[in-house]
Amino acid sequence: MLIKVCGLRAAYGAVEVLHGIDIEADRGEVLSIIGANGAGKTTLLKTIAGVVRATSGEIIYEEKKITNERSDRIVRTGIALVPEGRRVFPDLTVRDNLRLGAYTLRNRRLKKDLLDLVLETFPKLRERLWQHAGTLSGGEQQMLAVGRAIMANPRLLLLDEPSMGLSPLMTQEIFSLVRKINSEKAISMILVEQNAHMALEFSHRTYVLENGAIVMSGESSKVKSDPAVLAAYFGG
Ligand code: ATP
């Protein structure tokens, strides 16, 4: 088991938005979490990443309890978040954005190997290394956001809506590159998506989140053909 989340609750002020979530992922696994707008998907990832406080429950990662650890410590344990809306630093070059992703690392050799991995995976970034990130297209910025997270040398990548605002073609490209990283580098992933079709296609297992609670889970190929999922996400 790589990560196990048990009975996780989180709130904004007095309003609880996660009502006791249980999920787990094995090493090498890609999990997807699908659910409508406002279901709590982003909050779940932020709570795992230590950005939002859990009010109760536990997050166990590689046998250690990381619940409510500081977010930089969580990065050091090997969990990296690619936030929603691909927040790159627009006034910094692509290269500097990537270097910032490795801020927790000391080993120069490792940083160089990670940079090589990112530039091999996303050759478009290599062509634009000295360009300001703000001048990249939406798809290129998403590649940069993923690349920056990979520069932290994660064993678990948390991806928040990588398809947001991208064309179907670009979404396909990002998903296949991310899947390549998963299979070649054994980086596990938890992917949150409103694009249920892509998420189910791409992941090994899926959890369905509704109003802050998991209402269904299983192998993605099975969840995909569940009548309730078909009705809710694929118009019957
Ligand atoms: P979306 O796909 O629209 O991003 P989501 O499933 O990721 O939705 P969350 O962003 O986790 O959902 O939001 C869950 C609930 O928490 C929503 O009702 C939202 O309005 C509320 N919420 C999110 N962030 C905050 C915040 N910073 N302060 C107060 N309420 C918030």
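Here is a short report on the structure shown in this document. What you see is a predicted model, and the numbers here were worked out from it, not measured in a lab.

1. Topic: the site of the ligand
Close to the ligand lie 13 residues; N37, G38, K41, T42 and T43 are nearest. The separation between an oxygen atom of the ligand and a polar side-chain atom of N37 is 2.3 Å. The contact in question runs from an oxygen atom of the ligand to an N or O atom on the backbone of K41, over 2.9 Å. Relative to its free-state accessible area of 630 Å², the ligand is covered by the protein chains to the extent of 59%. Considering every element that reaches the shell around the ligand, the biggest residue donor is helix α1 (residues 41-48), with three residues.

2. Here's the deal with the environment of I150
Looking at the secondary structure, you find I150 in helix α6 (residues 138-150). We classify I150 as buried; its relative accessible area is 2%. C-alpha of I150 to C-alpha of K112: the two residues are 38 residues apart in sequence and 12 Å apart in space.

3. So, the pairing of strand β10 (residues 213-219)
Bridge analysis of strand β9 (residues 205-210) against β10 gives six bridges, and the strand direction is antiparallel. Paired with L209 across the two strands is I214, which belongs to β10. Here β9 hands over to β10 after two residues, with N211 in that stretch at a positive phi of 45°.

4. What to know about the packing of α6 against helix α7 (residues 168-185)
Here α6 crosses α7 at 15°, and the two axes come no closer than 10 Å. Comparing their axes, α7 and α6 come out roughly parallel. Judged by the twist between their axes, the crossing of α6 over α7 is right-handed. Contacts between α6 and α7 pair G139, Q142, M143, V146 and I150 from the former with M170, E173, I174, L177, V178 and I181 from the latter. Of the residues that constitute the contact of α6 with α7, the class distribution is eight nonpolar, two polar and one charged.

5. Observations regarding helix α3 (residues 94-101)
Working note: α-helix, 3.6 residues per turn, so residues spaced by three or four point in the same direction. Of the positions making up α3, those classed as buried are V94, N97, L98 and G101. The arc that holds every buried residue of α3, seen down its axis, measures 95°, which confines them to one face. Looking at the buried residues of α3, the elements they touch are α4 (108-121), α5 (123-127) and α6.

6. Observations concerning the sheet that holds strand β4 (residues 54-61)
Strands sit in the order β2-β1-β4-β5 across an open sheet of four strands; the sheet is antiparallel. Of all the strands in the sheet, the pair left with one neighbour each is β2 (15-25) and β5 (64-65). Alignment of strand β1 (residues 3-12) against β4, held across six bridges, turns out to be antiparallel. Paired with V5 across the two strands is I59, which belongs to β4. Contacts between α1 and the sheet are confined to β1, β2 and β4, with β1 contributing the most and set at about 115° to the helix.

7. Focus on the sheet that holds strand β3 (residues 30-34)
The sheet built from six strands is open, its strands ordered β6-β7-β8-β3-β9-β10 with mixed pairing. The outermost strands of the open sheet, each flanked by one partner alone, are β6 (79-82) and β10. Averaged over all pairs of adjacent strands, the angle between their axes in this sheet comes to 15°, without regard to strand direction. Note that β3 and β9 share four bridges and pair parallel. Note that in β9 the partner of S32 across the bridge is T206. Contacts from α7 reach β3, β7 (156-160) and β8 (188-193), with the element oriented near 155° to β8.

8. Regarding α4
Over its 14 residues, α4 extends 20 Å from the first C-alpha to the last, a length consistent with the 20 Å expected when each residue adds 1.5 Å. When α4 is considered as a whole, its buried residues turn out to be L114, L117, V118, L119 and T121. Those residues of α4 that are buried are in contact with α3, α5, α6 and α7. Sitting at the head of α4, N107 places a side-chain oxygen 3.0 Å from the backbone nitrogen of R109.

Thresholds applied
Residues numbered from 1 in each chain as written. Predicted model: local features only at pLDDT ≥ 70, side-chain atom pairs only at ≥ 80, totals over all residues. Heavy atoms only, no water. Near = heavy atom within 4 Å. Polar contact = N/O pair within 3.5 Å; in protein donor to acceptor, adjacent residues only side chain to side chain. Areas by Shrake-Rupley, 256 points an atom, 1.4 Å probe, with all protein chains shown as cover. Helix = DSSP H or I, 4+ residues; strand = E, 2+ residues; numbered from the N terminus. Buried < 20%, exposed > 50% of the residue type's maximum accessible area, 1.4 Å probe, protein only. Pairing = 2+ DSSP bridges. Axes fitted to C-alpha atoms, helices over the stretch in contact; angles between N-to-C directions. Parallel < 35°, antiparallel > 145°, perpendicular 65-115°, else oblique. Left-handed = near helix turned anticlockwise from the far one by under 90°. Contact = heavy atoms within 4.5 Å. Nonpolar A, V, L, I, M, F, W, Y, C, P; charged D, E, K, R; others polar. Arc of directions from axis to C-beta. Expected span 1.5 Å × (residues − 1).

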